[in-house]
Every structure is written in C-alpha cells, then in structure tokens.
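What follows is the residue order along each chain.
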Amino acid sequence: MRKINAWLFVTLDSVIEAPEKWVLADDDMFGAIEAGYAKSDALLLGRRTYETFAASWPERGSEIPNADWMNNTPKYVASTTLESPEWNNSTVIEGDVAEAVARLKLEEGKDILVNGSGVLVRSLMRDGLLDELRLYVHPIVVGSGRRLFDAESDPVELALDDSHAYENGVISLTYKPTGTSDTPARA
C-alpha cells in the first residue's frame, strides 16, 4: 500500500502561510526534500496550494531543481471549487476526499506527497490517512497568518520518528500518527 507523506514549512508560532516570505534556504534541507520527491510519484494538494504552485511551477524550466518532477508528476487536488485545472497532469478529486485518497493509497506506485496544504493535512490526519508528517520548523516568529493547527483542529496523537537540525537553524521533525485518535484509520 502507498503511503501519504506530508511536509510543511512552519514558523515557531505555527504559521504556514506565505513561506516564500520567511523560508531559510539551506542546500542540505533542500537535498532532503529532493529525496522525498524521489520516493513519491504523485502529489496531493489543497486548492490554495495548488493555485499557488500552478501559478509558478509551469514557468520554471528543467534547470530549476525539482521543476520537472513538479510539472510532470500526477497531481490530485482536493477542492470543491476548482473546476478546470490547467497545470499538466492535474485532476480534481470529486466526491468524498477521504474515500478518494483511501483508493489512491491502494493503487500501485510510490508514496504520495502532500506539500503544504494545511487544511488538507488536518483532514487527512482526522481521517487516519496520513502516514507521516514532516515539519521544517524555521527559527522565526511572524505573529500572524494561517496556522497549521488552530482551535478547530481535531486531537491526534503523534510519535516523533526522526529529527534533524540544519546549519541554518531549521529543525526537521518527522512524526507518525500513533493511531490513537478519536477517528479510526481508513485503508
């Protein structure tokens, strides 16, 4: 069975919005991200993240790291409002997202990567569909913006699986759900 692995850039105050304004670049960190791409053959995105990526990645050529992967990999978009995705290899998930993602996990292939997409990540965790959550915690406080977890988030227990500190002060924390949330896992 395929795994669903999510990774997000996050500030110390849990903000995930507009990472292009505060991400600290680090070749070692981006090397780890590229390794995640290599283990995946599909991208699962929420609408906001999809629209942000679709506005920039198609313009990037092969000389840009990961541009070929981003542009050529099948993309599944969880959205009730996006109707006609124009980015290459994009499909809008119709109907129940949890059921569709559970079916995707059963298909042959490599892992499915969720990049950004905080609302989607929370719903995948709630539905017991997320296998790994990797947070790249940046040593910055921005004060406001969309947060990964808020007062509306469902309780989910996670276990730390791995951690790594980069020279730029970013810490990668990899968590796996323990399966002890209020919602049973789907397969």
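For the structure itself, look to the data block above.
The rules behind each value
- Residues numbered from 1 in each chain as written.
- Predicted model: local features only at pLDDT ≥ 70, side-chain atom pairs only at ≥ 80, totals over all residues.
- Heavy atoms only, no water.
- Helix = DSSP H or I, 4+ residues; strand = E, 2+ residues; numbered from the N terminus.
- Polar contact = N/O pair within 3.5 Å; in protein donor to acceptor, adjacent residues only side chain to side chain.
- Contact = heavy atoms within 4.5 Å.
- Phe/Tyr/Trp six-rings, centres within 6.5 Å; stacked < 30°, edge-to-face > 60°.
- Buried < 20%, exposed > 50% of the residue type's maximum accessible area, 1.4 Å probe, protein only.
- Salt bridge = Lys/Arg side-chain N within 4 Å of Asp/Glu carboxyl O.
- Pairing = 2+ DSSP bridges.
- Axes fitted to C-alpha atoms, helices over the stretch in contact; angles between N-to-C directions.
- Core = buried A, V, L, I, M, F, W, Y, C linked by side-chain atoms within 4.5 Å.

Caption draft 1: Seen up close, the side chain of arginine 2. Note on placement: arginine 2 falls in the segment before strand 1 (4-11). Side chain to side chain, arginine 2 and aspartate 41 meet in a polar contact 2.5 Å long. When neighbours within four sequence positions are excluded, arginine 2 is seen to be in contact with Asp41, Ala42, Leu104, Lys105, Glu107, Glu108, Gly109, Lys110, Asp111, Ile112 and Asp131.

Caption draft 2: The arrangement of the packing of aromatic side chains in detail. Per the stated rule, a full pass over the model turns up eight aromatic pairs. Centroid distance tyrosine 136 to tyrosine 166: 6.4 Å. Interplanar angle 35 degrees. Geometry classified as tilted. Note that tyrosine 136 is positioned in strand 6 (residues 132-138) and tyrosine 166 in the loop between strand 7 (158-165) and strand 8 (171-177), a separation of 30 residues in sequence. The class for tyrosine 166 is buried, based on a relative accessible area of 8%. Of the aromatic side chains, those joined through ring pairs into one cluster are Trp7, Phe9, Phe30, Tyr37, Trp69, Tyr136 and Tyr166.

Caption draft 3: A look at the side chain of lysine 75. Checked against the element boundaries, lysine 75 lands in strand 3 (residues 75-78). Looking at lysine 75, its side chain comes within polar contact range of the main-chain oxygen of threonine 73, at 2.6 Å. Residues within four places of lysine 75 in sequence aside, it is in contact with Leu43, Met70, Trp87, Asn88, Asn89, Ser90 and Thr91.

Caption draft 4: Region of the structure containing the pattern of salt bridges. One pass over the structure, following the stated rule, counts 10 salt bridges. The closest approach of N and O atoms between aspartate 13 and arginine 147, which form a salt bridge, is 3.6 Å. Taken as a pair, aspartate 13 in the loop between strand 1 and helix 1 (27-38) and arginine 147 in the loop between strand 6 and strand 7 lie far apart in primary sequence, 134 residues in all. Taking the relative accessible area as the measure of exposure, arginine 147 reaches 29% and is therefore partly exposed. Of the charged contacts in the structure, one is a salt bridge between glutamate 132 and lysine 176, with a shortest N-O distance of 3.9 Å. Taken together, the residues glutamate 132 in strand 6 and lysine 176 in strand 8 connect sequence positions 44 residues apart.

Caption draft 5: Expanded view of the sheet that holds strand 2 (residues 40-46). Strand order in the open sheet formed by eight strands is 4-3-2-5-1-6-8-7, and the pairing between neighbours is mixed. The sheet terminates laterally at strand 4 (90-93) and strand 7, the two strands that pair on one side only. Averaged over all adjacent pairs, the angle separating strand axes in this sheet is 25 degrees, with direction ignored. As judged from the four bridges shared by strand 2 and strand 3, these two strands associate in the parallel manner. Its bridge partner being in strand 3, leucine 44 is matched across the sheet by tyrosine 76.

Caption draft 6: Just helix 4 (residues 97-106), in detail. Where helix 4 is concerned, the buried positions are Ala98, Ala100, Val101, Ala102, Leu104 and Lys105. Residues of helix 4 that are buried sit in contact with strand 1, strand 2, strand 3, strand 4, strand 5 (111-115) and helix 5 (118-126).

Caption draft 7: Main features of the nonpolar core. Ile4, Leu44, Val114, Val121, Leu124, Leu130 and Leu133 are the most contacted members of the largest nonpolar core, which has 27 residues in total. Secondary structure elements with two or more residues in this core: strand 1, strand 2, strand 3, helix 4, strand 5, helix 5 and strand 6. Per-element accounting of this core gives the leading share, five residues, to helix 4. The contact partners of leucine 133, leaving out residues within four places of it in the chain, are Ala6, Leu8, Val121, Met125, Phe149, Leu158, Leu173, Thr174 and Tyr175. Of all hydrophobic cores here, the second largest spans 22 residues; its members include Val77, Trp87, Tyr136 and Val170.

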